[in-house]
Amino acid sequence: MTPAHVTKIIVGEPVSSERRTTEWHDTVNRLIDDEVGPKVLTPFLECLGIEGVQMMVGLWRVWPGRRGRSWRWAAAAVVGVVGVGVLAGCDGGAAKSSSASDTLTVAINGEYPTSFELNAQCSSPIFQLTYEPLIRVSSSGGYEPGIAESWEYSESNTVFTMKIHSGIKFADGTDVTAKSVVDTLNYYKSVPGVNDGYIKPWKVEAKGSDSVQITSEQPFLGVEQVLSDNGNCNNGMIISEAGLKDPAKLKTQMFGAGPYEYVADESEPGDHYAFKPRQNYYDKSRQNYKKIVLRVIADPNTALSALATGQVQVDMTGGTSLVAQARSQGFDATVQRNSAAAVMLWDRGGETTKPLGDVRVRQAMALALDRDLIAKAVGPEAKPADQFTLEGFPGYDANLSSKYTYDVDKAKALMSEAGYADGFSMTMITNSDDTAVNTAVGAAVDQLAKIGVKIDLKSIAGLGFWTDMATKQYSAGAVSYGLYGIQPLEAYRLYKLPYSAVWNPFTSVDPDIESAYESLMASSESDFEKNAKQFNETISSKVWYLPIVNTPHFVYSKGVDIGTPEPMGNFAVSAWKPKG
């Protein structure tokens, strides 16, 4: 099985419903301000909920007289028509609007998959429900058997062997075999993928009828994470022979062995996704609801309101700023993950922005940030992040000699020593969908200007952020999920090529970091912590990444046992069950 030291440490755009309600919200606000009054309208809207409001929007768009001076009468008529039908079933508001106990409805954020093609999408509850991974996230935040019933590393950490569970079937009734596993992993290796660099270096082969062996030329820890149903973009999700024979169908259909099956005629991709238990699934403990609905609600306030009115039972859209409000309403607030907002300094060779090729400039930038002040601006849950590894994870050291202590005078001295006393200018990109980074990066940009680093922020929407990053047009970017702090994940995700291809677009290498990486990956249980600290020390001193603040992300829920997530923030969604 997994070495103990690894087990311990590895463990959008606005949704259509919001767009459809914008015009109605404007009208409601005018009604409240004008004549109807919140005492009447607010309870009414709470009772109607999202579906009722959408019905009103539909009528409002076609109702005669909705424009001009007669708009009040048109609005009142729409309220009346829909209200008579919907309020008849309200009788007590939120309690009646809740789904039946055999249905679980979950709010997910706007970063939903644009297709069902696993290699082209990142991890999602949609795939956790319909595909069975080789290794599953457990309800306690660790790892447990999935299709692989057991696994082990070789002494050199270059061979990872899995024994395949017998008796598991795909949704189409065919058996999951060692061949299924080998064929799927080799398919992922053969096609472009979001994180295909993680598995491309591996040799994958069957050993007998019930085992699969993965061989890496260099020592590699963390295979469990890559092949589980967590945040490494579906590399461990196994596809049936029918799906592999016709990959075009993978974009619109599911070919998995998971506990639930997708109900297409009850779903609207981009808005909501419906699932029902699969009859031939082998582990009934993962089928605790007769129906699961994942509803896209991009706005955190809207999602929390849906939880308050009982229209969802789990709010995965979350929102750190809403944690006090959620707790005050009696909801469970579970930390999904900790991640550091960070400036990702990609151009360490100075190809696009020459000054970044000098480590003294990068060190100056790290020392110029008053992280305590920025954390206060971000919110009460935020903490300063002053080194590569986050607090609470292997390798973190409160007394790290290379940690980033706020010192503007020293930062200016380093800039002068490097020949940039007058500073320099650069462009940094952000993803417009990643609004959580805005406060932290805005404050960081202001503070960097004080040492002469003038940054032009450019916001790029959605997938354009990732494609532009890969072209090497920009020397840096800022994201709210820059660092997770998890070793050895962070070591290969952010340093070692080809695993780091996404976050290392300039293909930077460094002999000192390379040496620390090799020691980390060859670690035994007894020296893992020491080697993790050394890697943290080395990459922090080189300032490949510029952490700003560490902020927890929350999931809110009511009446559902959602367990504990693994450090990347993924829960055992299919194992969720009613409390009590």
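Residues take numbers from 1 onward in each chain, read along the sequence in its written order. Given that this is a predicted model, residues contribute local features only at a pLDDT of at least 70 and side-chain atom pairs are listed and counted only at 80 or more, while totals for whole chains, interfaces and linings are drawn from all residues. The side-chain figures draw on all heavy atoms in the structure; neither hydrogens nor water molecules are used.

For the rest of this paragraph, the subject is the overall build of the chain. The secondary structure listing takes helices from DSSP runs of H or I that are at least 4 residues long and strands from runs of E that are at least 2 residues long, numbered from the N terminus. Within the chain, the regular secondary structure consists of 19 helices and 19 strands. Expressed as a percentage of the 580 residues in the chain, the buried residues total 56%. By element, 51% of the accessible surface of the chain is carried by carbon and sulfur atoms, the whole surface being about 23,500 Å². Throughout this description, buried means an accessible area under 20% of the type-specific maximum (1.4 Å probe, protein chains only), exposed means over 50%, and partly exposed covers the range between. Accessible areas in this description were obtained via Shrake-Rupley with a 1.4 Å probe; residue shielding takes into account the shown protein chains only.

Side-chain atoms within 4.5 Å link the members of a nonpolar core, which is a set of buried Ala, Val, Leu, Ile, Met, Phe, Trp, Tyr and Cys residues. Core analysis: the largest hydrophobic core is formed by 104 residues, its most contacted members being Leu134, Met162, Trp202, Phe535 and Trp576. Counting residues per element, this core draws most heavily on helix H7 (residues 178-190), which supplies six residues. Contact between two residues is taken to exist if any of their heavy atoms lie within 4.5 Å; hydrogens are not considered. Sequence-distant contacts of Trp576, that is, excluding residues within four places in its chain, are made with Leu104, Val106, Asn288, Tyr289, Val314, Met316, Val560, Asp561, Ile562 and Phe571. Among the nonpolar cores identified, the runner-up in size contains 40 residues, and Val343, Val361, Ala366 and Ile548 belong to it.

Below, the discussion takes up the packing of aromatic side chains. Aromatic ring pairs are defined here through the distance separating the ring centres and the angle between the ring planes. Here the aromatic set is Phe, Tyr and Trp, taking the six-membered ring for Trp, and pairing holds for ring centres within 6.5 Å; pairs whose planes are under 30 degrees apart are stacked, those over 60 apart are edge-to-face, and all others are tilted. Within the structure shown, the criterion is met by 21 aromatic pairs. Aromatic side chains Tyr481 and Trp503 sit 6.3 Å apart centroid to centroid with 70° between the ring planes, which places their arrangement in the edge-to-face category. Note that Tyr481 is positioned in strand S16 (residues 476-483) and Trp503 in the loop between helix H17 (489-494) and helix H18 (511-521), a separation of 22 residues in sequence. Here Tyr481 matches Trp503 in class, with each residue buried. Members of the aromatic cluster, connected to one another through ring pairs, are Phe116, Tyr262, Tyr273 and Phe275.

Once that is clear, we can look at the sheet that holds strand S6 (residues 203-207). Spatial ordering of the open sheet is given by S4-S5-S7-S6, a layout of four strands whose pairing is antiparallel. Every interior strand has two partners, whereas the edge strands, strand S4 (148-153) and S6, have only one. With direction set aside, neighbouring strand axes in the sheet form an average angle of 20°. Strands are treated as partners if at least two bridges between them are detected by DSSP. Orientation is described by lines fitted to C-alpha atoms, with helices fitted over the stretch in contact, and by angles between N-to-C directions that extend from 0 to 180 degrees.

A few words on the confidence of the model for the chain. Residues at a pLDDT of 70 or more form 82% of the chain, whose mean pLDDT is 84. pLDDT is defined as a per-residue confidence score from the predictor, taking values between 0 and 100. Confidence over residues 1-100 falls short of pLDDT 50; this stretch has 159 contacts with residues more than four positions distant or in other chains.

A word on helix H19 (residues 528-542). Here, expected helix span is obtained from the residue count minus one, scaled by 1.5 Å. Here H19 is 15 residues long and its end C-alpha atoms lie 21 Å apart, about the 21 Å a rise of 1.5 Å per residue gives. Directly after H19, the chain includes Val543, whose backbone phi takes a positive value near 50°.

What follows covers the pairing of strand S15 (residues 453-460). A regular strand places its side chains on the two faces of the sheet in alternate fashion. Across eight bridges, the pairing between strand S14 (residues 424-431) and S15 is parallel. When the bridges of S15 are listed, Met428 appears paired with Leu457.

For the rest of this paragraph, the subject is unusual backbone geometry. Leave glycine aside and you will find that most residues have negative phi; peptide bonds, for their part, are mostly trans. For the bond from Gln487 to Pro488, the omega torsion is 10°, close enough to zero to count as cis. Summarising the element assignment, Pro488 is placed in the loop between S16 and H17. For the bond running from Leu497 to Pro498, omega is 5°, close enough to zero to count as cis. Among the structural elements, Pro498 can be located in the loop between H17 and H18. A positive phi angle is found at Thr507, which is not glycine, with a value near 50°. With respect to the helices and strands, the residue Thr507 is situated in the loop between H17 and H18. Look at Thr507 and you get partly exposed, because its relative accessible area is 47%.

A word on the pattern of salt bridges. Basic side-chain nitrogens of Lys or Arg form a salt bridge, by our definition, when they fall within 4 Å of a carboxyl oxygen of Asp or Glu. Inspection of every chain in the model, using the stated rule, returns 21 salt bridges. Between Asp271 and Arg295 there is a salt bridge, with the nearest N and O atoms lying 3.9 Å from each other. One end of the pair, Asp271, is in the loop between strand S8 (260-262) and strand S9 (272-277); the other, Arg295, is in strand S10 (residues 291-296), with 24 residues separating them in the sequence. The exposure class assigned to Asp271 is buried, which follows from its relative accessible area of 4%.

The next subject is the environment of Ser166. Within the secondary structure layout, Ser166 lies in the loop between strand S5 (159-164) and H7. You can call Ser166 exposed: its relative accessible area is 59%. Between the C-alpha atom of Ser166 and that of Val176, which follows or precedes it by ten residues, the distance is 7.6 Å.

Here S5 shows a buried face lined by Phe160, Met162 and Ile164 and an unburied face lined by Val159, Thr161 and Lys163. Pairing of S4 with S5, which is carried by five bridges, proceeds in the antiparallel orientation. What sits directly across from Glu152, in S5, is Thr161. Counting the residues between successive antiparallel strands, the hairpin from S4 to S5 contains five residues, one of them, Asn157, with a positive phi of roughly 60°. Bridge count for S5 against strand S7 (residues 211-215) is five bridges, and the pairing is antiparallel. Bridge pairing in S7 places Val159 opposite Thr215.

Turning our eyes to something else, we now look at the environment of Asn157. One can find Asn157 in the loop between S4 and S5. For Asn157 and Phe220, which are 63 residues apart along the polypeptide, the C-alpha to C-alpha distance reads 5.8 Å. Not counting residues up to four positions away in its chain, the partners in contact with Asn157 are Gln218, Pro219, Phe220, Leu221, Met521, Ala522 and Ser523.

This paragraph deals with the side chain of Arg362. Locating Arg362 in the fold gives a position in helix H12 (residues 359-367). Not counting the four nearest positions on each side in its chain, Arg362 is found in contact with Leu345, Arg348, Leu356, Gly357, Lys542, Val543 and Trp544.

Attention now moves to the packing of H12 against helix H14 (residues 408-417). Where H12 contacts H14, the two axes come as close as 8 Å, and the packing angle between them is 165°. As judged from the angle between their axes, H12 and H14 are roughly antiparallel. Where H12 crosses over H14, the two elements pack in a sense that is left-handed. Contacts from Arg360, Val361, Gln363, Ala364 and Leu367 of H12 reach H14 at Val408, Lys410, Ala411, Leu414, Met415 and Glu417. Of the residues in the contact of H12 with H14, the class split is seven nonpolar, one polar and three charged. Oblique is the label for every angle not falling under 35 degrees (roughly parallel), over 145 degrees (roughly antiparallel), or within 65 to 115 degrees (roughly perpendicular). Here a crossing is taken to be left-handed if its near helix is turned anticlockwise relative to the far helix by less than a right angle, and right-handed if that turn runs clockwise. We call Asp, Glu, Lys and Arg charged. Ala, Val, Leu, Ile, Met, Phe, Trp, Tyr, Cys and Pro are nonpolar, and the rest, Gly among them, are polar.

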